[in-house]
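# A closer look at the structure
The chain contents come next:
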6 protein chains.
Amino acid sequence: MPKTKRRVFKRDDGRNPDDLRPVKFKKGVAPAALSSVLIRMGNTQVICAVSIEESVPRWMKIQKVEGGWVTAEYSMLPYANPERSRREVTAGKVNGRTQEIQRLIGRSLRAAVDLKLLGSRTLWIDCDVLQADGGTRTASITGTFAALHMAINKLLKQGILTSNPIREPVAAISVGLVDGIPLLDLCYTEDVAAEVDMNIVITGSGKLVEVQGTAEDQPFSKAQFNRMMKLAEKGIKELVEAQQTVSHV
Amino acid sequence: MPKTKRRVFKRDDGRNPDDLRPVKFKKGVAPAALSSVLIRMGNTQVICAVSIEESVPRWMKIQKVEGGWVTAEYSMLPYANPERSRREVTAGKVNGRTQEIQRLIGRSLRAAVDLKLLGSRTLWIDCDVLQADGGTRTASITGTFAALHMAINKLLKQGILTSNPIREPVAAISVGLVDGIPLLDLCYTEDVAAEVDMNIVITGSGKLVEVQGTAEDQPFSKAQFNRMMKLAEKGIKELVEAQQTVSHV
Amino acid sequence: MPKTKRRVFKRDDGRNPDDLRPVKFKKGVAPAALSSVLIRMGNTQVICAVSIEESVPRWMKIQKVEGGWVTAEYSMLPYANPERSRREVTAGKVNGRTQEIQRLIGRSLRAAVDLKLLGSRTLWIDCDVLQADGGTRTASITGTFAALHMAINKLLKQGILTSNPIREPVAAISVGLVDGIPLLDLCYTEDVAAEVDMNIVITGSGKLVEVQGTAEDQPFSKAQFNRMMKLAEKGIKELVEAQQTVSHV
Amino acid sequence: MPKTKRRVFKRDDGRNPDDLRPVKFKKGVAPAALSSVLIRMGNTQVICAVSIEESVPRWMKIQKVEGGWVTAEYSMLPYANPERSRREVTAGKVNGRTQEIQRLIGRSLRAAVDLKLLGSRTLWIDCDVLQADGGTRTASITGTFAALHMAINKLLKQGILTSNPIREPVAAISVGLVDGIPLLDLCYTEDVAAEVDMNIVITGSGKLVEVQGTAEDQPFSKAQFNRMMKLAEKGIKELVEAQQTVSHV
Amino acid sequence: MPKTKRRVFKRDDGRNPDDLRPVKFKKGVAPAALSSVLIRMGNTQVICAVSIEESVPRWMKIQKVEGGWVTAEYSMLPYANPERSRREVTAGKVNGRTQEIQRLIGRSLRAAVDLKLLGSRTLWIDCDVLQADGGTRTASITGTFAALHMAINKLLKQGILTSNPIREPVAAISVGLVDGIPLLDLCYTEDVAAEVDMNIVITGSGKLVEVQGTAEDQPFSKAQFNRMMKLAEKGIKELVEAQQTVSHV
Amino acid sequence: MPKTKRRVFKRDDGRNPDDLRPVKFKKGVAPAALSSVLIRMGNTQVICAVSIEESVPRWMKIQKVEGGWVTAEYSMLPYANPERSRREVTAGKVNGRTQEIQRLIGRSLRAAVDLKLLGSRTLWIDCDVLQADGGTRTASITGTFAALHMAINKLLKQGILTSNPIREPVAAISVGLVDGIPLLDLCYTEDVAAEVDMNIVITGSGKLVEVQGTAEDQPFSKAQFNRMMKLAEKGIKELVEAQQTVSHV
């Protein structure tokens, strides 16, 4: 594996290894939703919308679990890539990758919320990828927390909620090893080239919600793992700040 | 049912019976697509995107049909309505209403294009409804023609197409009878109240592509039918002009 | 396309452009059904049967809609064409064309019936095409109304219904443009050759229930549309008379 | 349970225990098919149709099996019973009972045919039950053989086949034990009451093709089994004669 | 067909025509189940497990049938054959052969049990084939009865059942004609070569529960049928004895 | 959260926090497979089998990727738990949890193998859980590597492979936080109670293949994460040794 070229390493878009892509949030893209945000991280764009349902899943009723629920659905719009992808409904089922992603988004958001304070209702999180250039699942989590925050603020203002169920912000980012160099926030071409691909979800106070690291080809050392974790922590901090520009208003 | 209140009739948004809602086009909402447009008609918003595939459907190969193909897929995003709707993939199949709509969009666009001049390739039209307030299928057709026009211009400029396959513009509009009064471009609440619901697709030169009229409850007279057709013709003319502002640039 | 050969036009089966094919009804083909009719229009044959269910669809219960429901299912028997067609159950789902047709049949029949007078029950309409030679959807509607009428008469006689829910008869017919000439009641080969294909549902008193006109290749003029409508009106009148020979007995 | 009431036993329709129901064949009910027959056994009515496909199943091509194939599909029309049954396509799959029946029909017909002499083609057998009153699977086999015979005669006459692939006729019948009494050709109410239900397929020369006996509640003795087999042999002989009135013309 | 070679006939594994393969039962292979047995007949191995559910199928509740239910599911593990077979879930549905087998197992076991004495509960029988060498459905029935017996003993000991619902043992075996010679307990290569294939289910007292005989290619005579039945009766007697070594302890 | 009870902590089965459950391997449980192992970790039992297919997935052919493939399927046998679980084929699709697990197993095994050296063939890994008591996915990976090793040895001995594609062993283990205490190898009751659940896949030389850590309720600190990683490393070392007792023979 390449080793000593660290000094001269250059990313296609000129970023340093520890740079995020430019992050932007646009509010209200789906006006019928309870709240919505379009998040852009470089060329990756995801519509994040929150809807409310005054009911909880069947299993909660059966098991008599108190409080509410937060669940997520994720979809790649067919024109999110230069080569059109088939709608999943055409295949008749949600594929494995999509299921993994929507379970991850749901778990991450639930970790940020005290479900007991939600009351007996469900917040539906929808993430539809408008343009895909790597990191769609982490952008979905980051954007979705902003939308969720806006939704909660609205419900508090309307008196539907009386105390704020949000514990602290969460955001997510990808990190990876390309030619042995740890990179923050991989774009698609970097993701394809990466030997290791990690997705990390961290809270505003720096606690871990989810750590997923996968050797794509060759196993990796613990030292490499630790360096990637550091990059992720740096990135998350910046993302949590960016979220506040939209969700705190 | 219908009485004599025609004089005093007022639409919720203050429009006259023969007024369209404000129409706006926004280009490039889905940058990875060959072309894309966000069409707004009042509160109805649809993302219209065109992708290209260098191949034709299997039946064309088997039957040795020359030329290309234009096909459409339509989807209601789950947060397009105040009450979240279930994704079709969750039900495991495309429902009947969706199938009717995407067949209608496909037929309407094919009527506007000389498929022989497309070469052996398929143009995929995707319509995803971002906000639904009535008339989503007709907005999809109108927006989609604009996107298709942009896509064709691009392919001509790139030399992929050598002669323009577009015969003339098409646009679509809904008309209906509410309390016996013919209305142009129904919004959702009008659509629900309508005794008759029509969707009309007409070309720039005023020829008919598709006429679909349905009595929701009571059959209607031919005189009523004719008055609705007139309204539709007026609306289409305005839409074709609006399309040119985006697709001719 | 259209030229001046109108004078010399001849249909394969010798009919004039405004002739229906011979129409015949045979009662009681499915003796276990509440009522049944085999309708023949030329070579097209459809089994139309009515069954009763003492319940209404779930959505009516939830929305507390009073009265009953009429719904239709349509199927092409695999041996209805010289080349056997696959059963839809083998593909695992109802295809788009079938769904469009059964929705059309259901709407058309509901327009002929005062659902409130049905009581809280569902009439199931089944149409199975025994032989297909064009116009199966319109023959289904025409045959089905006859069967429905017989079913209602039976229910009135049995005292299950106390007042007649039928408002007026409905029948349906196809019209089209072949070489620019408007033809009534297209057989399969004419249907394939048609530039425009229309299906019209009209009541006994001449009111419109459904108008569906589709340009198969080239858009058509309003004058052409009007001439086709006239043909349809003539055909429907004859069909409503023919229905009475079977349903009024 | 069986007692000593054998002497006084009476069937609802007045038949003796060893009587078939009246059997009738009507040719040509599905004119587009290669051949078709409507078989009636009492109130049970089944449309039996044969179609031809100039191809063989994929597994025959892969395994390079010479000759042709005969396969069957069976369906209960929704109005075949007083209480409407749901179409299988609505459930999205063929249920277990239907699959068992169509496999049985296919095997039975293949036993009557020398597949090598069919050439590389498939005969599709379709059985659609128009009215169900017990014994629909055995009526399907008996009717289907008649239709198959007619189809083969047609293909011989047309020179598509040059030597007759039919080895000998097959027919099928049900027998059962009701109150310990062996009955031939059970109607629906007898079938429901039966302790043992058997379906037997036998050739014209008296050879066994298929023997299926099932204890519905209590196991049965070999002596009872033998008596039922005798009844079946008597019934089949009569059915084979009846078949000849239609298929030999 | 070959006739006079009976004297010299030799089976691949050296058995006489009327020999079973060695039968072994191993208890407790699935410790979480209510009871479980691994049955081996030669190289055929099936895991048979019984689970209990304190509920009955919906149709029993609706029809208010008293007592309990016994139902079976059967599956071929993908590595049961030298060439891996696809899991049925990958195809998305249970195939016809599997459905036939699980219906047969369920019926056979129910014939051995007085369902009224089970109380309002369901016994689920699962059969998973670990190695397939012919006779998997009959081995499933034989093994399953042993497991069921153990389960019932457990429930009696626990006081959940107060009287023994088992009427008498059942076991199953295959017989067939290979080169005209009746063979007991066919292994896979014999099964493939057989002209006739029968599966017989018989009780400990020699009563018939299920008789299924199928001509694979040529019909067979009644004399042949009777000789196969005799072989089956001999085999079942030995199997019922073997069952007792495991289930009576 | 509880903190200072570490001293007195006791696991239900008496293990120390850093103890594995007893691990056992049994070879040859599925004799028709290329290789098979039954792995037991405490009460968790998984059948791991390897089959070979002389072909590669379609995407490898299309993208012309050289070498072979390793893929996994995982299934919970319905009687693996005290309460019977429904077979996935009954629901008609593989659920999200199952898909995540089989993707994880596949990736982990591929990381242990040089796919180029496999030649153009696929090794199918099947994991069927016979008894479930926590850690079924990690037991599947550990058992599956042993089976894979045996399979490769067989292929080398048979000359089908000429050089050994195995890079180094892999094994997997779960760790978690229960009452704030890091535990190794969670059984089911511990898994349910855990605040954090991690699954770690590590190679024989201590490199990371997969790190998956999930906060079930509350986020966790990096210090906690590090302590869990240490436990996992200890467990994996012991598992890799245990594997050698079976796979190196």
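Just so it is clear, the model here is predicted, and its values are computed rather than measured. (Residues numbered from 1 in each chain as written. Chains lettered and ligands numbered in written order. Predicted model: local features only at pLDDT ≥ 70, side-chain atom pairs only at ≥ 80, totals over all residues. Heavy atoms only, no water.)

## Examining the packing of helix α3 (residues 96-111) of chain B against helix α4 (residues 136-157) of chain B
A pair of packed helices can be characterised by two numbers: the angle between their axes and the separation between those axes. Residue and element names in this part refer to chain B. Applicable threshold: For every element, the axis is a line fit to its C-alpha atoms; helices are fit only across the contacting stretch, and the angle between N-to-C directions ranges from 0 to 180 degrees. Helix and strand assignments follow DSSP, with helices taken as H or I runs no shorter than four residues and strands as E runs no shorter than two, numbered in order from the N terminus. Two helices crossing with the near one rotated counterclockwise from the far one by less than a right angle form a left-handed crossing, whereas a clockwise rotation gives a right-handed crossing. We call two residues contacting when some pair of their heavy atoms lies within 4.5 Å. Note that Gly is not counted as nonpolar here; it falls among the polar residues with everything else outside the nonpolar set of Ala, Val, Leu, Ile, Met, Phe, Trp, Tyr, Cys and Pro and the charged set of Asp, Glu, Lys and Arg.
One way to put it is that α3 packs onto α4 with a least axis distance of 10 Å and a crossing angle of 35°. Viewed along their axes, α3 and α4 form a crossing whose handedness is right-handed. In this structure, α3 contributes Arg97, Ile101, Leu104, Ile105, Ser108 and Leu109 to the contact, and α4 contributes Thr136, Arg137, Ser140, Ile141, Thr144, Phe145 and Leu148. Of the residues assigned to the contact of α3 with α4, the class counts are seven nonpolar, four polar and two charged.

## Overview of the sheet that holds strand β9 (residues 208-215) of chain F
Put simply, the rule reads: Pairs of strands are assigned from DSSP output, requiring at least two bridges between the strands.
The antiparallel open sheet is built from eight strands, whose spatial order is β7(A)-β6(A)-β8(A)-β9(A)-β9(F)-β8(F)-β6(F)-β7(F). In this open sheet, the two edge strands, each paired with only one partner strand, are β7 (181-184) of chain A together with β7 (181-184) of chain F. The average angle at which neighbouring strand axes cross in this sheet is 20°, direction not considered. Here strand β6 (residues 170-178) of chain A runs beside β7(A); their pairing, made up of four bridges, is antiparallel. Each residue of the ladder has a partner; that of Val178(A), found in β7(A), is Ile181(A). Packing against the sheet, helix α3 (residues 96-111) of chain A makes contact with β6, β8 (196-203) and β9 (208-215) of chain A together with β9 of chain F, and its axis sits at approximately 150° to β9(A). Across the sheet, helix α3 (residues 96-111) of chain F lies against β9 of chain A together with β6 (170-178), β8 (196-203) and β9 of chain F, angled at about 150° from β9(F), the strand it touches most.

## Brief notes about the pairing of strand β4 (residues 69-76) of chain B
Moving residue by residue along a regular strand, the side chains alternate between the two faces of the sheet. All names here are of chain B. The line we're drawing: In this scheme, a residue with accessible area under 20% of its type's maximum is buried, one over 50% is exposed, and one in between is partly exposed, where area comes from a 1.4 Å probe on protein chains only.
The buried fraction of β4 amounts to six of the eight residues, a majority that puts the element mostly inside the structure. When β4 meets strand β5 (residues 122-131), the two strands line up parallel, connected through eight bridges. Its bridge partner being in β5, Glu73 is matched across the sheet by Asp126.

## Section: the interface of chain A and chain B
This is how it is decided: Two parts lose some accessible area (1.4 Å probe) when they are put together, and adding that loss for both gives the buried area. Here a salt bridge means any side-chain nitrogen of Lys or Arg lying within 4 Å of a carboxyl oxygen belonging to Asp or Glu. Within 3.5 Å is the distance limit for a polar contact, defined as a pair of N or O atoms, with the added protein rule that one can donate a hydrogen and the other accept it, and that residues adjacent in sequence qualify only through two side-chain atoms.
Taken residue by residue, the interface counts 32 residues in chain A and 32 residues in chain B. Carbon and sulfur atoms make up 55% of the surface buried where chain A meets chain B, a total of about 2,500 Å² over both sides. Linking chain A with chain B are 10 salt bridges. Connecting chain A to chain B are 12 residue pairs in polar contact (both at pLDDT 80 or more). Counting residues per element, the ones that place at least two in the side of chain A that touches chain B are β3 (44-53), β4 (69-76), α2 (88-91) and β5 (122-131) of chain A. Looking at which element gives the most residues to the side of chain A that touches chain B, the answer is β5(A), with six residues.

## Here we look at the sheet that holds strand β2 (residues 35-41) of chain C
Residue and element names in this part refer to chain C. The strand order β1-β2-β3-β5-β4 describes an open sheet built from five strands, whose pairing is mixed. Looking along the sheet, the strands with just one partner apiece sit at the ends: β1 (23-27) and β4 (69-76). The mean inter-strand angle of the sheet, taken between neighbouring strand axes irrespective of direction, is 20°. For strand β3 (residues 44-53) and strand β5 (residues 122-131), the ladder comprises nine bridges, and the chain directions are antiparallel. Across the sheet, residue Gln45 finds its bridge partner in β5, namely Gln131. Strands β4 and β5 of the sheet are contacted by helix α3 (residues 96-111), whose axis makes an angle of about 145° with β4.

## Overview of empty space enclosed by the protein
All names here are of chain F. Defined as follows: A pocket here means an open set of points on a 1 Å grid, computed over the protein atoms alone, that has protein on both sides within 12 Å along at least five of seven lines. A cavity is instead a set of points where a 1.4 Å probe fits but cannot get out; residues with an atom within 4 Å of a point line either one. Grid points are joined across faces, edges and corners, and a volume is the space filled by probe spheres set on the points.
Inspection of the entire model under this criterion finds three cavities of 30 Å³ or more. Put simply, the largest cavity is a space of about 50 Å³. Top element by residues in the lining of the largest cavity is α3. It accounts for three residues.

## Re the relation of the copies chain F and chain A
Put simply, the two copies of the chain differ by a rotation about an axis and a shift along that axis. To keep things clear, this is the line we draw: The copies were overlaid with a least-squares fit restricted to C-alpha atoms from residues scoring a pLDDT of at least 70 in each copy.
Expressed as a screw transformation, the operator carrying chain F onto chain A has a rotation angle of 180° and an axial translation of 0.0 Å, and the superposed copies differ by an RMSD of 0.0 Å. Both copies of the chain, as the preceding transformation shows, are related through a two-fold rotation axis. The position closest to the rotation axis in chain F is occupied by the C-alpha of Gln212(F), lying 2.3 Å away. Looking at chain F, 100% of its interface residues are interface residues in chain A too, so the copies touch through the same face.

## Re the relation of the copies chain A and chain B
At an RMSD of 0.0 Å, chain A and chain B line up after a rotation of 180° and a shift of 0.0 Å along the axis. A high fraction, 100%, of the interface residues of chain A reappear at the interface in chain B, so the copies pair face to face through one surface.

## Considering the arrangement of the chains
Contact between chain A and chain D is absent, and the least distance between their C-alpha atoms amounts to 12 Å. In this assembly chain B lies apart from chain F, the nearest approach of their C-alpha atoms being 10 Å.

## Examining the confidence of the model for chain A
Residues and elements named next belong to chain A. The criterion, for reference: pLDDT expresses, on a scale from 0 to 100, how confident the predictor is about each individual residue.
Confidence in the prediction for chain A averages 93 pLDDT; 95% of positions are at 70 or higher. Low pLDDT (under 50) marks residues 1-7, which in the prediction has five contacts with non-local residues, meaning those over four places away or in another chain. Overall fold confidence (pTM) sits at 0.88, and the ipTM for the predicted complex is 0.92.

## Remarks on the interface of chain F and chain A
In this complex, chain F contributes 29 residues to the contact, which on the side of chain A involves 29 residues. Summing both partners gives a buried area of about 2,700 Å² for chain F against chain A, and 50% of it is carried by carbon and sulfur. Looking only at chain F, the three residues that lose the most surface to chain A are Leu208(F), Pro219(F) and Lys222(F), adding up to 21% of its buried area. At the boundary of chain F with chain A, the tally comes to four salt bridges. Applying the counting rule to chain F against chain A returns 12 residue pairs in polar contact (both at pLDDT 80 or more). Elements represented by at least two residues in the side of chain F that touches chain A include exactly α3, β9 and α6 (222-247) of chain F. For the side of chain F that touches chain A, the element with the highest residue contribution is β9(F), accounting for eight residues. Split into classes, the residues belonging to the side of chain F that touches chain A amount to 10 nonpolar, nine polar and 10 charged.

## Topic: unusual backbone geometry
If you check the backbone angles, Lys64(A) has positive phi at about 50° while not being a glycine. As for its placement among the helices and strands, Lys64(A) is situated in the loop between α1 (58-62) and β4. Owing to a relative accessible area of 73%, Lys64(A) belongs among the exposed residues under this scheme. Backbone geometry places Asp179(B), a non-glycine residue, at a positive phi of 50°. Locating Asp179(B) in the fold gives a position in the loop between β6 (170-178) and β7 (181-184).

## Brief notes about α3(C)
Residue pairs spaced three or four apart in an α-helix point in one direction, given the helix's 3.6 residues per turn. Residue and element names in this part refer to chain C. Note the cut-off: Expected helix span is taken as 1.5 Å per residue step, with the number of steps being one fewer than the number of residues.
Between its first and last C-alpha, α3 extends 23 Å over 16 residues, near the 22 Å set by a 1.5 Å rise per residue. By the criterion of burial, α3 is predominantly enclosed, with 14 of the 16 residues buried. If you check the start of α3, you find a side-chain oxygen 3.1 Å away from the backbone N of Arg97, and it comes from Asn95.

## Looking at the state of the cysteines
Residue and element names in this part refer to chain E. Here is the rule we go by: The definition used for a disulfide is geometric: two cysteine sulfur atoms within 2.5 Å.
Scanning the entire structure with this criterion turns up zero disulfides over all chains. Summary of cysteine pairing: Cys187 is not part of a disulfide, and the nearest cysteine sulfur, belonging to Cys48, is at 20 Å. Its relative accessible area of 9% is what places Cys187 among the buried residues.

## Here we look at the pattern of salt bridges
Overall, the coordinates contain 96 salt bridges over all chains when judged by the stated rule. The shortest N-O distance in the salt bridge between Arg103(D) and Glu100(E) comes to 2.6 Å. With Arg103(D) in helix α3 (residues 96-111) and Glu100(E) in helix α3 (residues 96-111), this pair bridges two chains. A relative accessible area of 33% means that Arg103(D) is categorised as partly exposed. By relative accessible area, which is 14% here, Glu100(E) ends up buried.

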